[in-house]
Every structure is written in C-alpha cells, then in structure tokens.
Amino acid sequence: MDDRISEIIAAYLSGEVLSESEWQEVEAWLRDHDGEKEVEVLRGMFRSARLVKEAPGTRGASVMKKIEAKVVSRRAGRKLKIRWSYSVAAAIAVLLCSVLLYRWLGTNQENQVVPRDLRQNVNTSIAHLKLNTGEVVELEKYDGKFIREDSVQIANENATLRYTSTDSVAPEKVEFNTLVIPRGSEYNVVLADGTKVFLNAGSEISYPVVFAGDKREVKLKGEAYFEVRKDERRPFFVQAGDVQIQVLGTSFNVTAYPGRGRIETTLEEGKIQLTDGRESVEVSPGKQAIYDIEDGRFEVKQVDTKLYTAWKDGYYKFDQMTLEDIMETLALWYDLNVFYQNPGVKSLEFTGRLRRYDEVVSLFEKLEQTGLVVFEVNGKNVIIKEK
C-alpha cells in the first residue's frame with residue numbers, strides 16, 4: 001500500500017477529520033487499483049458517507065496481514081492499557097486491536113462460525129407492567145392488544161406501551177404504573193403527555209398513569225433515553241437515585257443502574273438542571289453530568305453524545321472504553337454472568353462500534369484476535385482471562 005494512503009487512513013481511524021483533498025486522494029487511489037482483491041476491504045470503508053463498515057472476509061487477508069505486521073501494541077503499567085502512537089501501524093491497530101469491529105459489522109458473513117445459542121435465546125420484547133391495582137401484566141402475552149386501567153387506554157404493540165386518557169378531566173389522585181425491563185430485553189413507553197421513553201436492559205421506570213398538578217415526575221432505575229414533550233406550565237422531572245433532573249422539553253439519556261456508583265446524564269437537545277438537594281448544575285447540549293454517589297459531587301464535561309445514546313438506535317459506540325465497561329453492557333444485553341480469571345484485563349481499552357443483539361460470541365472471537373484475552377463460554381457464564 002502507498003505510504004501516503006496508509007497515512008491518510010491511519011489519520012482517519014485515529015479520529016482526525018480529513019480534508020476534501022485527502023478524501024479525493026484515497027478515492028483516486030482506489031480507482032487506480034480497481035480490480036485488486038486486496039483493496040476491497042478499503043474500498044468499502046470510503047463509500048457513501050465516506051466510511052461504511054464492511055467485512056473484508058478472507059479475500060482481504062493478505063492486506064490485513066501486511067497491516068498487522070506493522071502493528072505495535074504494548075502494555076503499560078498495571079492497567080494493561082492499550083496505547084496507540086500516531087503512526088500507520090498504531091492507527092490501523094484501532095481497526096485490528098479495538099475489537100476488530102469494522103470487520104465484524106460488515107455484511108459478509110461467510111465462513112463465520114456461531115457457537116452456542118447466546119443470541120437466539122434472547123427475547124428482546126420481554127417486560128412486565130405493574131398496574132396501580134397491583135396486577136402484574138406479562139407484556140409479551142399482550143402484544144397487539146389493549147390494556148385498560150380506569151379511564152386510561154394502554155396500547156401494547158411492537159415492544160411499545162402507549163398511554164391515552166379517555167377522560168378530559170385530570171384525576172385528583174395520581175396513580176402510578178411501573179414498567180420493568182429484565183436483563184437481555186428492552187422496551188419503550190409513550191406517556192400520557194406524549195413524552196417518549198426508551199428503556200435499556202435491566203431498567204425500571206415508575207410514572208403516573210395520567211399526569212396531574214403543576215409538574216410531571218417519573219422515577220428511574222437503570223438506563224433510559226427521554227424525548228420530553230414540551231409543556232412550559234408543567235416541568236418534567238426524572239428522579240434517578242439521589243439525583244433529580246428537571247427539564248421543560250428536551251432529549252437526554254440517563255444511566256442510573258444500582259451498584260455502579262455513578263449517575264450519568266447526557267444531553268442531546270434542550271436544557272436540564274440536576275440537583276442532589278445540596279448542589280445544582282446546569283447542562284447544555286453536547287455535555288454530560290456525572291454524579292459520584294459516594295462523594296456526592298457533580299462533574300460536567302463535553303462528550304460525543306452518540307457514545308451514550310446510540311443504544312436506542314440499535315448499536316453501541318465505544319471510544320477507548322475499558323473491557324470491564326464493555327462487558328458490563330453486554331451482560332445486560334445478553335443476560336450474562338461475567339467472571340475475570342485475571343482482573344488486570346478489565347482495564348484493557350477498545351474503540352469501535354457494534355450492532356445490538358448480534359451474535360455475542362462473534363464479538364468474543366474478535367476480542368481474542370487481539371492476542372490479549374481469551375473467553376470461555378459455558379451457557380450464560382463467561383470467563384475472561386489473559387492470553
């Protein structure tokens with residue numbers, strides 16, 4: 001491969017924004033090498049939106065070997081963190097060592113072996129609705145049907161609950177429903193005011209059947225993405241553990257799983273204010289507020305919001321995320337039990353993107369190709385050890 005082209009691709013994979021002339025150089029190089037099987041993997045990367053991930057398959061093996069021969073990855077310190085220097089080899093290592101997700105996300109699935117049935121046992125539409133009466137409804141048994149509670153009609157279709165009040169007069173007493181999402185599943189709910197809530201695996205949300213009074217309030221455990229219907233007369237509140245989030249109309253993500261020690265709120269649109277009763281912070285679009293439960297302190301920082309909100313669209317983005325955090329997410333998606341034979345591997349960091357609910361074992365295989373870890377799968381138990 002031409003060194004100049006390698007350098008441009010390396011820069012792109014390292015996260016740099018390429019100039020129009022650099023894009024044209026790569027595209028011209030691809031045209032000049034049209035018909036060469038080795039460059040098919042690279043050609044797919046620069047189609048359409050300039051980077052469409054496609055699987056190289058076995059035909060790209062030789063070019064991948066050439067690149068892989070240049071890769072220099074090292075372990076530094078006890079954390080065993082993968083560090084990349086800015087060079088062709090190191091940048092391509094983002095492709096190879098960062099879970100090799102670009103290959104895994106492609107459409108070419110030939111020669112791919114899928115051991116064990118970790119995927120087909122995952123029913124992503126399982127959820128339980130606890131009604132105000134105390135009755136618990138198993139929603140998968142009521143798909144496409146209506147559920148009524150007093151004067152409220154609840155439609156249940158395509159893993160989404162939708163509340164519609166048939167009474168124009170607001171109730172004097174606020175009655176709550178609770179939607180419970182088990183590990184390995186996901187569900188959505190459209191509240192009576194039109195607010196949309198996307199719930200991630202292992203989450204629970206309590207909310208009024210019909211909002212009454214001068215505010216709207218819900219309680220969350222786990223993770224949810226909110227698209228709040230604007231109503232300046234009635235602000236919207238989310239209670240997540242010790243943190244209360246106030247909004248008027250906005251789109252944001254909240255992660256508040258019990259036991260994680262932190263509550264993360266990531267704002268895409270609008271404006272929110274968070275408080276724990278002692279300290280208050282305001283968050284603007286593109287920023288994330290992290291609340292340390294033990295210290296009782298907020299930290300606000302600029303982030304790539306897609307790293308925290310893409311899950312609702314069916315995929316996850318990772319940017320230098322530790323293996324422990326990645327496995328924490330996968331354990332919820334696939335209802336896995338994760339064990340580490342060598343605790344040091346928890347701090348290995350990876351970058352990439354994966355589709356939700358694809359064969360999880362395929363991801364483990366790509367992780368193993370980094371030469372750093374080995375996975376042993378026994379049913380829902382996953383043991384990870386250093387290679």
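(A) How the structure looks around helix α8 (residues 323–334). Look at α8: 16 Å from first C-alpha to last across twelve residues, which is about the 16 Å you get at 1.5 Å a residue. The buried count for α8 comes to nine of twelve residues, which makes it a mostly enclosed element. All of the buried residues in α8 are Leu323, Ile326, Met327, Thr329, Leu330, Ala331, Leu332, Trp333 and Tyr334. Among the structural elements, β21 (315–322), β22 (337–340), β23 (349–355), α9 (360–368), β24 (373–378) and β25 (381–386) are those in contact with the buried residues of α8. Once α8 finishes, Asp335 follows within two positions and takes phi at roughly 55°, a positive value.

(B) Broad picture of the sheet that holds β24. Spatially, β22-β25-β24 is the arrangement adopted by the three strands of the open sheet, whose pairing is mixed. In this open sheet, the two strands that pair with only one neighbour each are β22 and β24. Along the sheet, successive strands turn relative to each other by an average axial angle of 20°, direction set aside. Those strands touched by α9 are β24 and β25, and its axis lies near 155° from that of β24.

(C) Main features of the environment of Leu330. Inspection of the secondary structure puts Leu330 in helix α8. Using a relative accessible area of 0% as the deciding quantity, one classes Leu330 as buried. Between the C-alpha atoms of Leu330 and Arg183, which are 147 residues apart in sequence, the distance is 9.8 Å. Discounting residues that sit within four places of it in the chain, Leu330 has contacts with Asp335, Leu336, Leu354, Val360, Leu363 and Phe364.

(D) Layout of the packing of aromatic side chains. As enumerated under the stated definition, the model contains ten aromatic pairs in all. On the numbers, 5.3 Å between centres and 85° between planes, the contact of Tyr163 with Tyr207 is edge-to-face. Here Tyr163 is found in strand β7 (residues 160–165), whereas its partner Tyr207 is found in strand β11 (residues 203–208), with 44 residues between them in sequence. Each of the two residues, Tyr163 as well as Tyr207, counts as buried. Each residue in the set Phe211, Phe226, Phe236 and Phe252 is aromatic and connected to the rest through ring pairs, giving one cluster.

(E) Structural context of the nonpolar core. Within the largest apolar cluster, 46 residues are counted, with the highest numbers of intra-cluster contacts made by Leu129, Leu161, Leu179, Tyr207, Phe226 and Phe252. It is strand β12 (residues 216–227) that provides the largest number of residues to this core, a total of four residues. Among all residues touching Leu161, those that are not within four sequence positions of it are Leu129, Leu139, Ile154, Ala155, Asn156, Leu179, Tyr187, Asn188, Val189, Val190 and Tyr207. One finds Leu354, Tyr357, Val361 and Phe364 within the second-largest nonpolar core, a separate group that totals 29 residues.

(F) Here's a closer look at unusual backbone geometry. If you check the backbone angles, Asn158 has positive phi at about 55° while not being a glycine. Checked against the element boundaries, Asn158 lands in the loop between β6 (152–157) and β7. Judged by its relative accessible area of 61%, Asn158 is exposed. Although it is not a glycine, Ala159 sits at a positive phi angle of roughly 60°. When you line up the elements, Ala159 lands in the loop between β6 and β7. Residue class for Ala159 comes out buried when judged on its relative accessible area of 17%.

(G) Representation of the side chain of Glu223. Tracing the sequence through the fold places Glu223 in strand β12. Of the buried charged residues, Glu223 lacks a salt bridge, with Arg260 as the closest side chain of opposite charge at 5.8 Å. One polar contact links Glu223 to Asn253, side chain to side chain, over a distance of 3.0 Å. At 2.9 Å, the side chain of Glu223 forms a polar contact with the side chain of Thr255. With residues up to four places along the chain from it excluded, the contact list for Glu223 reads Phe198, Leu199, Asn200, Ser203, Asn253, Val254, Thr255, Tyr257, Tyr308, Trp311 and Tyr316.

Procedures and definitions
Residues numbered from 1 in each chain as written. Predicted model: local features only at pLDDT ≥ 70, side-chain atom pairs only at ≥ 80, totals over all residues. Heavy atoms only, no water. Helix = DSSP H or I, 4+ residues; strand = E, 2+ residues; numbered from the N terminus. Expected span 1.5 Å × (residues − 1). Buried < 20%, exposed > 50% of the residue type's maximum accessible area, 1.4 Å probe, protein only. Contact = heavy atoms within 4.5 Å. Pairing = 2+ DSSP bridges. Axes fitted to C-alpha atoms, helices over the stretch in contact; angles between N-to-C directions. Phe/Tyr/Trp six-rings, centres within 6.5 Å; stacked < 30°, edge-to-face > 60°. Core = buried A, V, L, I, M, F, W, Y, C linked by side-chain atoms within 4.5 Å. Lys, Arg positive; Asp, Glu negative; His and termini not counted. Salt bridge = Lys/Arg side-chain N within 4 Å of Asp/Glu carboxyl O. Polar contact = N/O pair within 3.5 Å; in protein donor to acceptor, adjacent residues only side chain to side chain.

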